[in-house]
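As a plain string of letters, each chain reads:
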Amino acid sequence: MLTTLGAFHTAFGLVALVAGAVGLWRDGEITHRNDLGKVYIATTVITCITGFGIFQHGGFGKPHALGVLTLLVLAMVTATHLFGRWSTQVQTVGYSATFLFHWIPGVTETSTRLPVGKPLFDSPEATGLQIIGAVLFLIFLVGAYVQVKRLSRR
């Protein structure tokens, strides 16, 4: 059962996932230069912050560390001027990385809770979840490569 905070966190996380997916599909990237990207960034920040108050599996854990990493990456992409001519590439790959970071706990939490009474996986450490995580990472790498190649052609 989700707490009120958990439901709020999940709702904003889903909005971020939809905004990120639409941005990637429509524009080939997530960017702060359009309203969809701004929605993605804002809901990602809210998702991270609300996630810090959720301790489903005990104290501070891997999902919380991923939230900290997500916020650090978002901070980095706002300071892209530090990367000179690579700023656009750093920003694009950084936003895509945060999109991956949404999927990891999302898939983990969903597949260890649903279907109710007989979830797909018994624990967040299940081998099947590790494989899914590896596939998501490979998809991210391929997507980041395609994005950087596209940017270099501009």
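Okay, so let's go over this structure. Everything quoted here is computed from the prediction, not taken from an experiment. (Residues numbered from 1 in each chain as written. Predicted model: local features only at pLDDT ≥ 70, side-chain atom pairs only at ≥ 80, totals over all residues. Heavy atoms only, no water.)

1. Section: the layout of surface pockets
A probe matching the size of a water molecule, rolled over the atoms, marks out where space remains unfilled. In this structure, the largest pocket encloses a volume near 1600 Å³. Residue lining of the largest pocket: 50 residues in total, with Pro63, Pro105, Gly106, Thr108 and Glu109 positioned closest to the centre. Contributions of two or more residues to the lining of the largest pocket are made by helix 1 (4–27), helix 2 (35–51), helix 3 (62–78), helix 4 (87–111) and helix 5 (127–153). Broken down by element, the lining of the largest pocket gets its largest block of residues, eleven residues, from helix 4. If you add up the space inside the second largest pocket, you get close to 280 Å³. Taken together, Leu24, Gly28, Ser96, Phe99, Leu100, Trp103, Leu136, Ile139, Phe140, Gly143, Ala144 and Gln147 make up the full set of residues lining the second largest pocket. If you list the elements that add at least two residues to the lining of the second largest pocket, you get helix 4 and helix 5. (1 Å grid on protein atoms, 1.4 Å probe; cavity = no way out; pocket = protein on both sides within 12 Å on 5 of 7 lines; lining within 4 Å. Points joined across faces, edges and corners; volume = space filled by probe spheres on them. Helix = DSSP H or I, 4+ residues; strand = E, 2+ residues; numbered from the N terminus.)

2. Considerations on the packing of helix 1 against helix 2
One way to put it is that helix 1 packs onto helix 2 with a least axis distance of 8 Å and a crossing angle of 150 degrees. With respect to helix 2, the element helix 1 is oriented roughly antiparallel. Considering the relative orientation of helix 1 and helix 2, their crossing is left-handed. Touching Leu5, Phe8, His9, Phe12, Gly13, Val15, Ala16, Ala19, Gly20, Val22, Gly23 and Arg26 of helix 1 are Leu36, Val39, Tyr40, Thr43, Thr44, Ile46, Thr47, Thr50 and Gly51, all from helix 2. (Axes fitted to C-alpha atoms, helices over the stretch in contact; angles between N-to-C directions. Parallel < 35°, antiparallel > 145°, perpendicular 65-115°, else oblique. Left-handed = near helix turned anticlockwise from the far one by under 90°. Contact = heavy atoms within 4.5 Å.)

3. Thoughts on empty space enclosed by the protein
Applying the stated criterion across every chain yields a total of one cavity of 30 Å³ or more. Lining the largest cavity are Ala19, Gly23, Asp27, Glu29, Ile30, Thr31, Asn34, Leu36 and Gly37. Listed by contribution, the elements that provide at least two residues to the lining of the largest cavity are helix 1 and helix 2. The dominant element in the lining of the largest cavity, judged by the number of residues it contributes, is helix 1, at three residues. Tallied by class, the residues present in the lining of the largest cavity amount to three nonpolar, four polar and two charged. (Nonpolar A, V, L, I, M, F, W, Y, C, P; charged D, E, K, R; others polar.)

4. Some words on a nonpolar patch on the surface
A cluster of nonpolar side chains, contributed by Phe55, Phe60, Val68 and Leu72, occupies part of the molecular surface with about 410 Å² of accessible area. Within the secondary structure, Leu72 is located in helix 3. When its relative accessible area of 54% is taken as the criterion, Leu72 is described as exposed. (Patch = residues over 30% accessible without salt bridge, like charges linked within 9 Å, V, L, I, M, F, W, Y side chains within 5 Å. Areas by Shrake-Rupley, 256 points an atom, 1.4 Å probe, with all protein chains shown as cover. Salt bridge = Lys/Arg side-chain N within 4 Å of Asp/Glu carboxyl O. Buried < 20%, exposed > 50% of the residue type's maximum accessible area, 1.4 Å probe, protein only.)

5. Considerations on the packing of helix 2 against helix 4
Between two packed helices, both the angle of their axes relative to each other and the distance between the axes serve to describe the pair. As a packed pair, helix 2 and helix 4 sit with axes 12 Å apart at the nearest point and diverge in direction by 45 degrees. What the angle tells us is that helix 2 and helix 4 run oblique. Here the hand of the crossing between helix 2 and helix 4 comes out left-handed. Residue-level inspection shows Tyr40, Ile41, Thr44 and Thr47 of helix 2 in contact with helix 4, the latter providing Tyr95, Thr98, Phe99 and His102. Here the residues of the contact of helix 2 with helix 4 are counted per class, giving four nonpolar, four polar and no charged.

In short, geometric facts, not functional conclusions.
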